[in-house]
Amino acid sequence: MSTAHNNANIEDVAKVVLMPGDPYRARYIAGKFLENAALVSEVRGMLAYTGMYKGKRVTVMGSGMGCGSMGIYSHELFNKYDVEVIVRAGSCGAYTMDLDLKDIFIPNSCWSQSTYAQTYSGYEKEFVEPDPTLWKSLCEHALNYKTGCLHTSDCFYYKKKEDKYLICEQKHCLAVDMESFALLHNANQVHKKAATILTVSDHSLKKEKLSVAEREQNFDAMIQIALDTLASFA
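None of these values were measured; they are calculated from a predicted model.

Side note on the pattern of salt bridges
Pairing between side chains becomes possible if they bear opposite charge and their charged atoms approach one another. Per the counting criterion, the structure on display carries nine salt bridges. Two residues, Asp-220 and Lys-32, come together in a salt bridge whose shortest N-O distance is 2.6 Å. Separated by 188 residues along the polypeptide, Asp-220 in helix H8 (residues 220-233) and Lys-32 in helix H1 (residues 23-33) bring together distant segments of the chain. Taking relative accessible area as the criterion, Asp-220 reaches 21% and is therefore assigned partly exposed. The class of Lys-32 is partly exposed, set by a relative accessible area of 49%. Between Lys-54 and Asp-228 there is a salt bridge, and its shortest N-O distance comes to 2.9 Å. Pair noted here: Lys-54 is in the loop between strand E3 (48-53) and strand E4 (56-61) and Asp-228 is in helix H8, with a separation of 174 residues, a long-range link. For Lys-54, a relative accessible area of 59% gives the class exposed. Ionic contacts of the salt-bridge type, sharing partners, join the residues Arg-88, Asp-177 and Glu-179 into one network.

Here's the deal with the packing of H1 against H8
Between two packed helices, both the angle of their axes relative to each other and the distance between the axes serve to describe the pair. Put simply, H1 and H8 touch, their axes get as near as 12 Å, and they point 70° apart. By the angle between their axes, H1 is roughly perpendicular relative to H8. Contacts between H1 and H8 involve Tyr-28, Ile-29, Lys-32 and Phe-33 on the former and, on the latter, Asp-220, Ile-223, Gln-224 and Leu-227.

Looking at H1
Those residues of H1 lying buried are Pro-23, Arg-25, Ala-26, Tyr-28, Ile-29, Ala-30 and Phe-33. Among the residues of H1, the N-terminal cap falls to Asp-22, whose side-chain oxygen and the backbone nitrogen of Tyr-24 are separated by 2.8 Å.

Re helix H4 (residues 132-141)
Taken residue by residue, H4 has Leu-134, Ser-137, Leu-138 and Cys-139 as its buried positions. Buried positions along H4 lie against strand E5 (85-94), strand E11 (193-203) and H8.

Thresholds, definitions, all that
- Residues numbered from 1 in each chain as written.
- Predicted model: local features only at pLDDT ≥ 70, side-chain atom pairs only at ≥ 80, totals over all residues.
- Heavy atoms only, no water.
- Salt bridge = Lys/Arg side-chain N within 4 Å of Asp/Glu carboxyl O.
- Helix = DSSP H or I, 4+ residues; strand = E, 2+ residues; numbered from the N terminus.
- Buried < 20%, exposed > 50% of the residue type's maximum accessible area, 1.4 Å probe, protein only.
- Axes fitted to C-alpha atoms, helices over the stretch in contact; angles between N-to-C directions.
- Parallel < 35°, antiparallel > 145°, perpendicular 65-115°, else oblique.
- Contact = heavy atoms within 4.5 Å.
- Polar contact = N/O pair within 3.5 Å; in protein donor to acceptor, adjacent residues only side chain to side chain.

Quick look at the structure:
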C-alpha cells in the first residue's frame, strides 16, 4: 500500500511516529538515535525511516512546512497507515521575554487563524489541544521545559509585525510555529494521540536566532524527550 505522497508499505511504518518539519532532520535523527534504521519513503524528498529505539519500533518522518503539508502527511499516517501516536518535534519563535533561545516548549493548547480545520472537517473553533496523556508524558520526560499556548501561523513573514504581537498577546500565546494546529486537529478527528514539543530557534524580541546547522542537528535534548515518550506508547 502507498499513497501519492508516501511509498512505504503499511507494515513499514511503526504505530508511533516522530515528525520533525525538516526531512534532513529526520535523516539525522534516524542515523543518530535509531538502531537498524531503514529508509521507507522518499517521495518528494520527504524522508521517512523506521528503526528501533530502546527496543521499541519507531518511525521518524518529515512533515514539511505549514498546516497544508503537515495536514497531508499526518492525515495519511493516521488514516492510511494506522499510526496511533504522532509527536511533532520542531522549532518555534518566541513571543515573550520569558522564553530564551534553545528553551524547550511543550504547548498545552494551540490557537490559529488558519482555516485548515474548518475546511478539513467543519471545525469552527480557534483552539485545539494535544492528547492529555501524551502531553503529560512529554512533560514528565523533560527535565526543564516551559508550557502555555502556541500560535500556529499560516505566514512566516508579516508586513505588520505589530498586528501579530497584539493579537497573540490577546490570545495569551507564548510562541509560534506553522504546523501544530493541523496535526492536533487531525489527531482529534480520528481519536488518535498527538502532541508537540518545540525548541525556541528564533527570538525577535531579543533579535536572536539559531543557524541552519543548529536547527538541523542541535535539538538533541528535545529529540531524546520525544523518543523516550514515544517508546512508552509503542
